[in-house]
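Take a look at the letters that make up each chain.
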Amino acid sequence: MKSGDKMTIDNEYIKKIQHALHRIPELGFDLPRTVAFVKGELDKIGIPYTEKYGKSSIVAELNPEKSFTIAIRADMDALAIVEQSGVEYSSEIEGHMHACGHDAHTAILLGTVKALWEIREQIACHVRFIFQPSEECPVSGAKMMVDNGVMDGVNVTLGLHVGGCDSGEIGICVGPHMAASRPFRLEFFGRSTHAATPHNGKDALAAAVRAYMSIKLMISTEMSAKESFICSIGKLNAGTAQNIIPDYAEMVGTIRSFNLEIDKYIIDRIEGIAESIKRETGIDYKLTTHLKSGVVYNDPEICKLVRAAAEKVVGEEKTVEIGNGLGAEDFAFYGEKTPAVFFRLGNYNEEKGCVAAAHNSKFKVDDDVLHLGAETFVQFVLDNMNGIENN
């Protein structure tokens with residue numbers, strides 16, 4: 001097989017893998033069954049792999065002696081959602097579900113490994129296959145693996161996500177694709193007392209409500225409508241009984257932005273609001289936050305090469321441009337180290353009932369098109385294995 005040739009991949013293998021993984025969804029870094037399954041498939045293929053890049057991580061290597069390196073990444077973790085998709089291969093772990101397609105991503109990457117390993121003598125570059133834990137959780141598996149050196153020597157990185165366009169299409173967004181993500185927790189520490197004697201206590205819930213309203217006011221009056229961002233508070237928890245002034249309140253939220261200066265402004269203002277409440281009420285606070293991931297940026301030149309590969313797989317009419325959005329992905333950490341592209345494999349199919357968005361209990365994957373993701377990865381390797389400048 002020559003560079004530029006198209007390779008067809010048997011979808012039945014990828015479907016079988018996706019169904020098996022869908023039955024055993026696990027969360028974060030706690031992926032014992034998933035990791036064992038992936039390692040078992042890699043053992044069957046015969047490719048060497050390592051777990052040295054961190055907990056529940058697996059990295060397989062094809063032609064590690066070659067100098068030019070293409071990395072391809074898939075995430076493996078699931079979500080704490082009760083499944084209602086109705087598929088025959090539904091989750092066997094109560095309260096857990098692959099509701100974001102990571103089972104499909106892992107199956108696609110295993111299909112890519114299998115296909116490239118079968119023609120390994122014809123591949124002129126090093127390919128690093130990254131199976132990553134904990135994309136969904138506040139602690140990033142991508143950051144862990146990058147910090148442990150998984151991107152050392154890598155020249156270009158690819159990843160994909162199901163969804164974002166119609167089933168059978170490959171969607172590409174040039175430039176900023178997904179937003180930076182910052183989770184935060186704001187806690188207030190007051191003093192409890194009987195509801196009949198509020199003057200003897202310090203109402204932590206009242207402080208949290210005031211902070212909530214001040215944050216909403218700040219967002220609506222201080223931020224430019226031209227900026228693309230969100231600051232969303234999804235949890236407010238306080239109190240134990242109807243007649244006790246609560247001594248503790250917790251607020252949990254997320255900030256998403258394509259501009260890290262906006263991100264910094266918002267989190268600084270949240271701390272300023274909490275500090276002001278402390279000064280006026282004596283109720284202490286604690287703000288816990290970190291930048292979970294930066295902006296997912298799709299390198300324009302690599303986008304052209306991904307488009308060229310995709311057009312050979314699905315055709316020009318089904319290789320589509322898509323817009324950006326305020327969803328977040330820790331794939332951004334790989335893109336901070338090399339030119340990278342995170343593209344979309346379309347999943348919307350009304351006839352098959354694949355209409356629910358990700359993170360929904362009725363989400364399901366159109367498993368008849370999964371091979372197109374693997375074929376695009378393989379095609380990119382075939383087209384560019386002699387180096388980006390020599391493609």
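Keep in mind that what you see is a predicted model, and the values were worked out from it rather than measured.

### Re the overall build of the chain
Counting its regular elements, the chain contains nine helices and 16 strands. On C-alpha atoms alone, the chain measures out to a radius of gyration of 23 Å, which is about the 21 Å that the 2.2 N^0.38 rule sets for 391 residues. By principal-axis analysis of the C-alpha atoms, the chain measures approximately 80 × 40 × 40 Å. Per-residue burial over the chain gives 55% buried out of 391 residues.

### Here we look at the pairing of strand β12 (residues 248-257)
Among the ten residues in β12, seven count as buried, and that is most of the element. In this structure, strand β8 (residues 180-189) lies alongside β12, joined through ten bridges in antiparallel fashion. Bridge pairing in β12 links Phe189 to Tyr248.

### Remarks on the packing of aromatic side chains
Summed over all chains, the structure comprises four aromatic pairs. With a centroid separation of 5.4 Å and an interplanar angle of 65°, the aromatic rings of Phe343 and Phe377 are classed as edge-to-face. Residue Phe343 is found in strand β16 (residues 340-345), and its partner Phe377 is found in helix α9 (residues 370-384); the two are separated by 34 residues along the sequence. Of the two residues, Phe343 and Phe377, neither departs from the other in class, the shared state being buried. Within the aromatic cluster, the residues linked to one another by ring pairs are Phe331, Tyr334 and Phe342. Between Lys114 and the ring centre of Tyr13, over which it is positioned, the NZ or CZ distance is 5.3 Å. Across from the ring centre of Trp117, 4.2 Å away, lies the NZ or CZ of Arg120, which sits over that ring.

### Some thoughts on the sheet that holds strand β1 (residues 49-50)
Read across the open sheet, the eight strands follow the order β1-β2-β4-β3-β5-β16-β6-β15; overall the sheet is mixed. Looking at the sheet topology across the chains shown, the edges are occupied by β1 and β15 (319-321). Pairing geometry for strand β5 (residues 156-162) and β16, over six bridges, is parallel. The residue bridging Thr157 from the neighbouring strand is Ala340, located in β16.

### A look at helix α6 (residues 260-281)
For α6, which comprises 22 residues, the first-to-last C-alpha distance of 32 Å matches the rise-based estimate of 32 Å (1.5 Å per residue) to within 8%. Looking at α6, one finds that the buried residues are Ile262, Asp263, Ile266, Ile267, Ile270, Ile273, Ala274, Ser276 and Ile277. Among the residues of α6, the N-terminal cap falls to Asn259, whose side-chain oxygen and the backbone nitrogen of Glu261 are separated by 2.8 Å. At the exit of α6 stands Gly282, carrying a positive phi of roughly 80°.

### As for unusual backbone geometry
Residues other than glycine seldom take positive phi values, yet Ser56 does so here, at roughly 60°. Following the sequence through the fold, Ser56 ends up in the loop between β1 and β2 (58-62). Even without being glycine, Asn63 reaches a positive phi, approximately 55°. Relative to the helices and strands, Asn63 resides in the loop between β2 and β3 (69-75). With relative accessibility at 13%, the residue Asn63 sits in the buried group.

### Comments concerning the sheet that holds strand β10 (residues 229-238)
Spatially, the four strands line up as an open sheet ordered β10-β12-β8-β13, and their pairing is antiparallel. Only two strands of the sheet have a single partner each, and these edge strands are β10 and β13 (284-289). Taken pair by pair, the neighbouring strands of this sheet meet at an average axis angle of 15°, ignoring direction. Here β8 pairs with β13 via six bridges, running antiparallel. If you follow Arg185 over to β13, its bridge partner there is Thr288.

### Structural notes on the packing of helix α7 (residues 300-314) against α9
Running from N to C, α7 and α9 cross one another at 120°; their axes reach a closest spacing of 8 Å. Classified by the angle their axes make, α7 and α9 are oblique. In the crossing of α7 with α9, the sense of the turn from one axis to the other is right-handed. Contacts between α7 and α9 pair Ile302, Leu305, Val306, Ala309, Ala310, Lys312, Val313 and Val314 from the former with Leu372, Glu375, Thr376, Gln379, Phe380, Asp383 and Asn384 from the latter.

### Details of the side chain of Ser361
As for its position among the elements, Ser361 is in the loop between β16 and α9. Taking relative accessible area as the criterion, Ser361 reaches 17% and is therefore assigned buried. The residues touching Ser361, leaving out its near neighbours within four places in the chain, are Ile81, Val82, Glu83, Gln84, Ser85 and Met97.

### Describing the nonpolar core
Residues Ile123, Phe129 and Phe131 are the most contacted members of the largest nonpolar core, which totals 70 residues. Among the elements that line this core, the one with the most residues is helix α3 (residues 102-118), at nine residues. Once you skip the residues sitting within four places of it in the chain, Phe131 turns out to touch Val38, Leu42, Ser56, Ser57, Ile58, Ala74, Met76, Thr106, Leu109, Leu110, Val113 and Met145. In this structure, Ala207, Phe229, Ile270 and Ala274 belong to the second largest nonpolar core, which totals 27 residues.

### Here's the deal with the side chain of Thr193
Here Thr193 lies in strand β9 (residues 193-194). In terms of polar contacts, Thr193 uses its side chain to reach the side chain of Thr197, at 3.0 Å. Setting aside anything within four residues of it in sequence, one finds Thr193 in contact with Pro198, Asn200, Gly201, Asn243, Ile244 and Ile245.

Cut-offs applied
- Residues numbered from 1 in each chain as written.
- Predicted model: local features only at pLDDT ≥ 70, side-chain atom pairs only at ≥ 80, totals over all residues.
- Heavy atoms only, no water.
- Helix = DSSP H or I, 4+ residues; strand = E, 2+ residues; numbered from the N terminus.
- Rg over C-alpha atoms; globule rule 2.2 N^0.38 Å.
- Buried < 20%, exposed > 50% of the residue type's maximum accessible area, 1.4 Å probe, protein only.
- Pairing = 2+ DSSP bridges.
- Phe/Tyr/Trp six-rings, centres within 6.5 Å; stacked < 30°, edge-to-face > 60°.
- Lys NZ or Arg CZ within 6 Å of the ring centre and 35° of its normal.
- Expected span 1.5 Å × (residues − 1).
- Polar contact = N/O pair within 3.5 Å; in protein donor to acceptor, adjacent residues only side chain to side chain.
- Axes fitted to C-alpha atoms, helices over the stretch in contact; angles between N-to-C directions.
- Parallel < 35°, antiparallel > 145°, perpendicular 65-115°, else oblique.
- Left-handed = near helix turned anticlockwise from the far one by under 90°.
- Contact = heavy atoms within 4.5 Å.
- Core = buried A, V, L, I, M, F, W, Y, C linked by side-chain atoms within 4.5 Å.

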